Amino acid sequence: MKYRGSCQCGKVAYEVEGELKEAMACNCSMCSRKGSLLWFVPREQFKLLTSESDAATYTFNKHAIEHRFCKSCGIHPYAQGTDPRGNKMAAINIRCLENFEFETVPVKQVNGRAF
Ligand SMILES: [Zn+2]
């Protein structure tokens, strides 16, 4: 399955391929404020369609995850990082997928505050 995601104004857009079975809601200081619902995929399944320079990067805590957000509209459509085994991952904010009912995806609560 192929999905397309974007920020609100469209300056940051991407395609992601995979089977979206479950999303993650995290209670860390970032996710609890943002309200993102995340879907982790191997980085190869993620393709940024717009210029790298239209998204800014924010990191905090261990600086392991790059939170990418649109410089114009401020929406955070994805993040990128490395999993514990060293694989490059993308974290898709499924609320940013186009023509997709994110409400239908089961959500798992994750205690990110403890990380
Ligand atoms: Zn934007």
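Above this text sits the structure in question.
Remember, it's a predicted structure, so these values are computed and weren't measured experimentally.

Caption draft 1: Local environment of the coordination of the zinc ion. Cys 7 (SG), Cys 9 (SG), Cys 70 (SG) and Cys 73 (SG) make up the full set of protein donors to the zinc ion, lying at 2.3 to 2.4 Å. Coordination geometry of the zinc ion: the four donor atoms subtend angles of 105 to 120° at the metal centre, consistent with an arrangement described as tetrahedral. Within one chain, the residues donating to the zinc ion are spaced in sequence as C-x1-C-x60-C-x2-C. With Cys 7 in the loop between β1 (2-6) and β2 (13-17) and Cys 73 in the loop between β7 (65-70) and β8 (78-82), the pair connects residues that are 66 residues apart, well separated along the chain. Looking at Cys 7, the relative accessible area reads 4%, which means it is buried.

Caption draft 2: Main features of the pattern of salt bridges. Under the counting rule described, the total for this entry stands at three salt bridges. Residue Glu 98 pairs with Arg 4 through a salt bridge whose shortest N-O separation is 2.9 Å. In this pair, Glu 98 sits in the loop between β9 (88-93) and β10 (107-110) while Arg 4 sits in strand β1, placing the two residues 94 residues apart along the sequence. Assessed through its relative accessible area of 39%, Arg 4 is described here as partly exposed. Residue Glu 52 is joined to Arg 68 by a salt bridge in which the shortest nitrogen-to-oxygen separation is 2.5 Å. Of the two residues, Glu 52 sits in the loop between β5 (46-48) and β6 (55-58) while Arg 68 sits in strand β7, which places them 16 residues apart along the sequence.

Thresholds, definitions, all that
- Residues numbered from 1 in each chain as written.
- Predicted model: local features only at pLDDT ≥ 70, side-chain atom pairs only at ≥ 80, totals over all residues.
- Heavy atoms only, no water.
- Donors = N, O, S within 2.8 Å, 3.2 Å for Na, K, Ca; no water.
- Tetrahedral: all angles 85-135°; square planar, octahedral: opposite > 155°, others 65-115°.
- Helix = DSSP H or I, 4+ residues; strand = E, 2+ residues; numbered from the N terminus.
- Buried < 20%, exposed > 50% of the residue type's maximum accessible area, 1.4 Å probe, protein only.
- Salt bridge = Lys/Arg side-chain N within 4 Å of Asp/Glu carboxyl O.

So far we have only geometry, and geometry alone does not tell us how the molecule works.
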